[in-house]
Amino acid sequence: MRDISSIGFIGLGHMGYHMVNNLAKAGKQVYVYDVMPEAMARFQGVPNVEAVSAASELADKVKTVVLMLPNSPHVETALFGEGGVLSEKVPEDYFVIDLSSISPDVTRDIAKKLAEKNVKFVEGPVSGGVSGAENGALTIMCGGKKEYVDEIMEVFEILGKKIVYCGESGSGQAVKVVNQLMSAINLISMSEAFVLGTKFGVDPNIMRDVIVAGSGRCWALEDRMPEILKGNFQPGFAIDLHTKDVKLAVDMAKNMNLPLYATNLVCELFKTAQVKGYGKLDNCAIIKLYEELGGVEVRG
Ligand code: NAD
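Residues numbered from 1 in each chain as written. Predicted model: local features only at pLDDT ≥ 70, side-chain atom pairs only at ≥ 80, totals over all residues. Heavy atoms only, no water.

(A) Geometry of the overall build of the protein chain. Across its full length, the protein chain holds 14 helices and 9 strands. On C-alpha atoms alone, the protein chain measures out to a radius of gyration of 20 Å, which is about the 19 Å that the 2.2 N^0.38 rule sets for 300 residues. Across its three principal axes, the protein chain shows a C-alpha extent of roughly 65 × 45 × 35 Å. A total of 300 residues make up the protein chain; the buried ones form 52% of that total. (Helix = DSSP H or I, 4+ residues; strand = E, 2+ residues; numbered from the N terminus. Rg over C-alpha atoms; globule rule 2.2 N^0.38 Å. Buried < 20%, exposed > 50% of the residue type's maximum accessible area, 1.4 Å probe, protein only.)

(B) Geometry of the site of the ligand. In the vicinity of the ligand lie 22 residues, with His 14, Met 15, Asp 34, Pro 70 and Lys 244 positioned nearest. One nitrogen or oxygen atom from the side chain of Asp 34 is found 2.7 Å from an oxygen atom belonging to the ligand. At 2.8 Å, a side-chain N or O of Lys 244 approaches an oxygen atom of the ligand. Contact with the protein chains covers 88% of the free accessible surface of the ligand, which is 840 Å². Class assignment for the residues of the shell around the ligand results in 13 nonpolar, 6 polar and 3 charged. (Near = heavy atom within 4 Å. Polar contact = N/O pair within 3.5 Å; in protein donor to acceptor, adjacent residues only side chain to side chain. Areas by Shrake-Rupley, 256 points an atom, 1.4 Å probe, with all protein chains shown as cover. Nonpolar A, V, L, I, M, F, W, Y, C, P; charged D, E, K, R; others polar.)

(C) Summary view of the packing of aromatic side chains. Summed over all chains, the structure comprises 2 aromatic pairs. Taking the centre distance of 5.2 Å and the plane angle of 40 degrees together, the rings of Tyr 17 and Phe 43 count as tilted. Separated by 26 residues along the polypeptide, Tyr 17 in helix 1 (residues 16-25) and Phe 43 in the loop between helix 2 (37-41) and strand 3 (49-51) bring together distant segments of the chain. Residue classification places Phe 43 among the buried residues on the basis of a relative accessible area of 4%. With a centroid separation of 6.0 Å and 65 degrees between ring planes, the pair formed by Phe 95 and Tyr 148 is classed as edge-to-face. Taken together, the residues Phe 95 in strand 5 (residues 95-98) and Tyr 148 in helix 7 (residues 146-151) connect sequence positions 53 residues apart. The buried category is assigned to Phe 95, whose relative accessible area is 0%. Judged by relative accessible area, which is 18%, Tyr 148 ranks as buried. The ring of Phe 80 carries the charged tip of Lys 113 above its face, separated from the ring centre by 4.0 Å. Over the face of the ring belonging to Tyr 278 we find Lys 288, whose NZ or CZ atom lies 5.9 Å from the ring centre. (Phe/Tyr/Trp six-rings, centres within 6.5 Å; stacked < 30°, edge-to-face > 60°. Lys NZ or Arg CZ within 6 Å of the ring centre and 35° of its normal.)

(D) Up close: the environment of Gly 16. Mapped onto the fold, Gly 16 is located in helix 1. Looking at Gly 16, the relative accessible area reads 1%, which means it is buried. Along the backbone, Gly 16 and Leu 69 are 53 residues apart, and their C-alpha atoms lie at a distance of 8.2 Å. Beyond its immediate sequence surroundings of up to four residues, Gly 16 is in contact with Phe 9, Gly 11 and Met 68. (Contact = heavy atoms within 4.5 Å.)

(E) The nonpolar core, seen in detail. Judged by nonpolar contacts, the single largest core of 58 residues is most densely connected at Phe 9, Ile 10, Met 19 and Phe 156. If one sorts the elements of this core by residue count, helix 8 (residues 153-159) sits on top with 5 residues. Counting 35 residues, the second-largest nonpolar core is a separate cluster that includes Ile 188, Ile 239, Val 246 and Ala 249. (Core = buried A, V, L, I, M, F, W, Y, C linked by side-chain atoms within 4.5 Å.)

(F) Geometry of the state of the cysteines. Inspection of every chain in the model, using the stated rule, returns 0 disulfides. The thiol of Cys 142 is unpaired, and the distance to the nearest cysteine sulfur, on Cys 166, comes to 6.7 Å. Take Cys 267: it sits in no disulfide, and the sulfur closest to it among the cysteines is that of Cys 284, at 19 Å. Exposure remark for Cys 267: the relative accessible area of 4% places this residue in the buried category. (Disulfide = S-S within 2.5 Å.)

(G) Broad picture of the pattern of salt bridges. Taken as a whole and assessed by the stated rule, the structure comprises 17 salt bridges. Lys 120 is the partner of Glu 151 in a salt bridge, and the nearest nitrogen-oxygen pair spans 3.0 Å. Taken as a pair, Glu 151 in helix 7 and Lys 120 in strand 6 (residues 120-123) lie far apart in primary sequence, 31 residues in all. Each member of the pair, Glu 151 together with Lys 120, is buried. Its salt-bridge partner being Asp 223, residue Arg 224 comes within 2.9 Å of it at the nearest N-O pair. Arg 224 gets classed as buried once you look at its relative accessible area, which sits at 15%. Relative accessible area serves as the criterion here: at 36%, Asp 223 is assigned to the partly exposed category. (Salt bridge = Lys/Arg side-chain N within 4 Å of Asp/Glu carboxyl O.)

Encoded structure:
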């Protein structure tokens, strides 16, 4: 097991904020960095947490750094870009853990680039949302060398409940993309069907009651429909991030020349929601597209 009594953390957004708190509560000294100063300011006076003024400082302060960033370019910039962790020097026995949900292909490239610098690297994209991050109850999809995953298992055990080794570099990200694609398709199928039933005149509460016990049940119906019925579209997991994940699926398929019919349609629907200005809303706001077409609202 690796000594993680001192650890770096980059990306203090919806998820990273809670993860840092959990590492600090577990007694780790956490050095944090985010491009947004206000994200770092939230840790003022929090025991065991200290902000640094550039990611490159983490090359001196710690031997292990965790990333929780929006997408592939952010991860590449944070590691290799100007002021990035490894932009000035590459310390010996360094370890990078990327918990962001990014491209499986880019992840493989990063793993190769870091291996050439003798830096250990694993990915561990997560699911379980902001509440999972807050409660240390995330599901973590690990990819990379198995012995590296075992070496930093303590980090995963602090942040998550279900930790699954998925295979070599990129495999964890691929599993995450598959999960995100299924949940996006789920959301669209539920939105389309519920607007159909509601426009016909059926109470959506009754439809939900029936279908959670029927073959149409799914995560979207169990977890998101109650929020739609309340008219609560505050994120949660924003349409912008879910669109990013569906685009990752489209790119993966393009690289393999694999036709994916529903995926491409769902991607266009999510992009439409962004164009309409719903990008910062919760992913369940995708139903608004159908509500506008149908001239009805699915509410309790
Ligand atoms: P977020 O946008 O809330 O936070 C990202 C943070 O990264 C921001 O504070 C931003 O300022 C910072 N950042 C961006 N580029 C940076 C850089 N180069 N250097 C330093 N900081 C930088 O995102 P989030 O909701 O915390 O999600 C993070 C990742 O986790 C995403 O890949 C997302 O898809 C995934 N994820 C999110 C959820 C969720 O419910 N929000 C659930 C599972 C997985």
